[in-house]
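Each chain is listed here by its residues.
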Amino acid sequence: MNIRLLPVLLLAAVPAPAQILVETFDGPNLPANWAVRSGTWSITNGRISVASTGHNYMTIPGTNLLNCAMDVDVYWTGSGIQAGGVCARHGGTSTESCVMVKAQANSATPNGLDRIYAYERPGGSVSTVLSPTPTKTRIRMLCIGTQAFLQLDTNQDGTFDTTQAPLPISTHNTSGEVGIIAGTIGSAAAQLDNFALFDAVLVQTGIGTANESRPRIGTTYSMTLYTQATSVTPFLCAMSLSNGGTTNGNLGGIPIGGGRSIPLGLDPIFNLSLAVGGTLGLNGVTDASGVGNPKIAVPNLPALVSLAVHVAAVTPNGPVIGNISNNHRVVFEP
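The rules behind these values
- Residues numbered from 1 in each chain as written.
- Predicted model: local features only at pLDDT ≥ 70, side-chain atom pairs only at ≥ 80, totals over all residues.
- Heavy atoms only, no water.
- Buried < 20%, exposed > 50% of the residue type's maximum accessible area, 1.4 Å probe, protein only.
- Helix = DSSP H or I, 4+ residues; strand = E, 2+ residues; numbered from the N terminus.
- Pairing = 2+ DSSP bridges.
- pLDDT = per-residue confidence, 0-100.
- Contact = heavy atoms within 4.5 Å.

(A) How the structure looks around the pairing of strand β11 (residues 136–144). When you tally the buried positions in β11, you get eight out of nine residues, the bulk of the element. Sheet analysis places strand β6 (residues 68–75) next to β11, joined by eight bridges and oriented antiparallel. Bridge assignment links Ala69 to a residue of β11, and that residue is Leu142. Pairing geometry for β11 and strand β12 (residues 147–153), over seven bridges, is antiparallel.

Following this line, the structure appears as structure tokens:
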């Protein structure tokens, strides 16, 4: 892809189906493009919650994605067991059949969300205890092939600081709807806000294994990009020093129209990455199944150590932007 193409696409971008979607649940009614699959949902003061026990779901009909990334803010609201998160590969019925991740409060002591879970329903799960326990957090699911990864921005500062061990996906290996999950056993339910969907996934190569790529200076850092393409397709990555202002429950990024945005900031690093992306390895083409392998040829400069950048990828859809990936944070190492 020509490195000058992204600015052109930014100017020409228009809404397209099954691309990044943002939902802020401003209410007062439930969003029209969502469907309640189970539970009684309502919106209060710009946040959504469910007054039902167990796992309850709302999904977006027609999304039909296999690989994707999703974020949502989760707010603890009081005593008792309560949970909130996101789901993928949902069957679009009232039956609980999906892959999902959640943050959960298991008791009144300590106050807050004390554990995170990744589940295949029905199927297995992995979990991690949180200490200290946040009362608000942002949760992310990366659903890739036969694995799901849970990441946590513990204090909503814009940095996903926790990555849980991968959840093996044994039976939900076809595309499905995406959405949110919540539930309560008690007087109050967790509240959700600022849902974001990305229809491409960008991660370090070998994520969750002993051989995952590390961004060391003087080496080439390898990433893997999963798109919705079904044939060889160009892709372009860009970098910036920020994710465009997504912090403390507020969504940011570079707006491209139709409610969509690229989760990066407009800064000198962004401009530089467009200018030298080909040299760094940020541009390329996917294989026939839509998987690409962008890279960063990291200069051997000690001054880069501890510098953090965000990377995101896009693909073209004719004259406009097609798939958009999550922001992938990279911290350069010695």
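After that view, the rundown keeps rolling.
(B) Quick look at the sheet that holds strand β5 (residues 56–59). Pairing is antiparallel in the open sheet, where seven strands are placed in the order β2-β5-β15-β7-β8-β9-β10. In this open sheet, the two edge strands, each paired with only one partner strand, are β2 (35–36) and β10 (125–129). Bridge analysis of strand β8 (residues 98–105) against strand β9 (residues 115–121) gives seven bridges, and the strand direction is antiparallel. Its bridge partner lying in β9, Lys102 is registered against Tyr117.

(C) Looking closely at the confidence of the model for the protein. Looking at the protein, pLDDT values average 91 and 94% of them are 70 or higher. Contacts for the low-pLDDT stretch residues 1–5, under 50 throughout, to residues beyond four places or in other chains number 13 contacts. With pLDDT under 50 throughout, residues 7–19 is counted as low confidence; its partners more than four residues away or in other chains account for 25 contacts.

(D) Spatial organisation of the pairing of strand β3 (residues 41–44). Burial of the side chains of β3 is restricted to one face: Trp41 and Ile43 are buried, whereas none of Ser42 and Thr44 on the reverse face is. Where β3 lies against strand β4 (residues 47–50), four bridges are found, and the strand directions are antiparallel. Its bridge partner lying in β4, Ser42 is registered against Ser49.

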